[in-house]
Amino acid sequence: MWKNKALLSAGIVVTLTAAAKAALKVYMVAGNSMTPTLHHGDLVVCVRCKRPERRKIALIRRGDFVMVKRIIAMQGDDIRIENTGEVRLNGVKLDEPYLCGKLTPDVPLSLTVPKGCIFVMGDNRADSVDSRSYKVGYLHRRSVIGIAVAAITPSGFHSL
């Protein structure tokens, strides 16, 4: 009887471990574009995600490179960035308490996100190459590897 319970328990542990390994990924942050939320060298734990959402921090694959950015807008959203750096989504000013310091001047931008795409920005707008740049632009939703749920930093483990 105890052998059956032990085998069942071992089977459950193996199954849960395999499921967690398939669903969770850990990446190291490179650069300062997500400061103060994330810093260079922090580890980010993410879960696979088929439906990315606004305001979530996403890990995004671009060729051989993985970048960490915040999703600002989704397909069909109208986004406007003022020369003051203020961001308006569908006409409403975004409340962005996660930003690094004061807003920085920006090149004015007004656009609608195409079908199947997302628009991303770093929290450190002065030091982020993101969807505002022709180097990144719109990103397809399928390029999202996962959504960050936690960070492992020198000061400890933090949920995001």
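Residues numbered from 1 in each chain as written. Predicted model: local features only at pLDDT ≥ 70, side-chain atom pairs only at ≥ 80, totals over all residues. Heavy atoms only, no water.

**Q** Before we move on, could you go through the confidence of the model for the chain and cite the residues and values that matter?
**A** Residue-level pLDDT values for the chain average 86, and 86% of them are 70 or greater. Below a pLDDT of 50 lies the segment residues 10-16, which in the model reaches zero contacts outside its immediate sequence neighbourhood of four places, other chains included. (pLDDT = per-residue confidence, 0-100. Contact = heavy atoms within 4.5 Å.)

**Q** Give a description of the environment of His 40 that names residues and reports values.
**A** On the secondary structure map, His 40 appears in the loop between strand S1 (24-28) and strand S2 (43-48). Sequence separation between His 40 and Val 29 is eleven residues; the distance between their C-alpha atoms is 5.2 Å. Residues contacting His 40, with those up to four places away along its chain left out, are Val 29, Ala 30, Gly 31 and Asn 32. (Helix = DSSP H or I, 4+ residues; strand = E, 2+ residues; numbered from the N terminus.)

**Q** How would you sum up the side chain of Asp 130? Please name residues and give values.
**A** Note that Asp 130 resides in the loop between strand S9 (117-121) and strand S10 (139-140). Residue classification places Asp 130 among the buried residues on the basis of a relative accessible area of 1%. Side chain to side chain, Asp 130 and Arg 132 meet in a polar contact 2.8 Å long. Each residue touching Asp 130, except ones within four places of it in the same chain, is listed here: Lys 69, Val 120, Met 121, Gly 122, Val 136 and Gly 137. (Buried < 20%, exposed > 50% of the residue type's maximum accessible area, 1.4 Å probe, protein only. Polar contact = N/O pair within 3.5 Å; in protein donor to acceptor, adjacent residues only side chain to side chain.)

**Q** Go over the nonpolar core with me, naming the residues and quoting the values.
**A** Core analysis: the biggest nonpolar cluster contains 14 residues, and Ile 72, Ala 73, Ile 79, Val 87, Val 113, Phe 119 and Met 121 have the highest contact counts within it. Sorting the residues of this core by element identifies strand S4 (65-74), strand S5 (78-81), strand S6 (87-89) and S9 as the ones contributing at least two each. Sort the elements by how many residues they give to this core and S9 lands first, with three residues. Among residues more than four places away in sequence, those in contact with Val 87 are Ile 72, Ile 79, Arg 80, Ile 81, Val 92, Lys 93, Leu 94, Glu 96, Met 121 and Arg 125. (Core = buried A, V, L, I, M, F, W, Y, C linked by side-chain atoms within 4.5 Å.)

**Q** Any chance you could break down the sheet that holds strand S8 (residues 109-112) for me, citing the residues and the numbers?
**A** Sheet strands pair by backbone hydrogen bonding; their relative direction is either parallel or antiparallel. A sheet is described by the order of its strands in space; here four strands give the open sequence S7-S6-S5-S8, paired in antiparallel fashion. Edge positions in the sheet fall to strand S7 (92-93) and S8, since each has one partner strand and no second. Where S5 and S8 come together, four bridges link them in antiparallel fashion. Note that in S8 the partner of Arg 80 across the bridge is Ser 110. (Pairing = 2+ DSSP bridges.)

**Q** Please set out the side chain of Ser 133 residue by residue, giving values where relevant.
**A** The residue Ser 133 is located in the loop between S9 and S10 in this model. Separated by 3.0 Å, the side chain of Ser 133 and the backbone nitrogen of Lys 135 make a polar contact.

**Q** Run through the pattern of salt bridges, naming residues and quoting values.
**A** With the rule as written, the count across this model stands at eight salt bridges. The partner of Arg 132 in a salt bridge is Asp 106, and the shortest N-O contact between them spans 2.8 Å. Here the residue Arg 132 occupies a position in the loop between S9 and S10, and Asp 106 occupies one in the loop between S7 and S8, the gap between them amounting to 26 residues. Where Asp 130 meets Arg 132, a salt bridge forms, and the shortest distance between an N and an O atom there is 2.8 Å. Each of Arg 80, Glu 82, Glu 86 and Arg 88 takes part in one network of salt bridges that share partners. (Salt bridge = Lys/Arg side-chain N within 4 Å of Asp/Glu carboxyl O.)

**Q** Could you give me a rundown of unusual backbone geometry, with the residues and numbers involved?
**A** A cis amide bond links Thr 35 with the next residue in sequence, Pro 36, at an omega value of 10°. Tracing the sequence through the fold places Pro 36 in the loop between S1 and S2. Backbone geometry at Arg 55 places phi at a positive 75°, although glycine is not the residue there. In this model, Asn 90 sits at a positive phi of 50°, which is unusual for a non-glycine residue.

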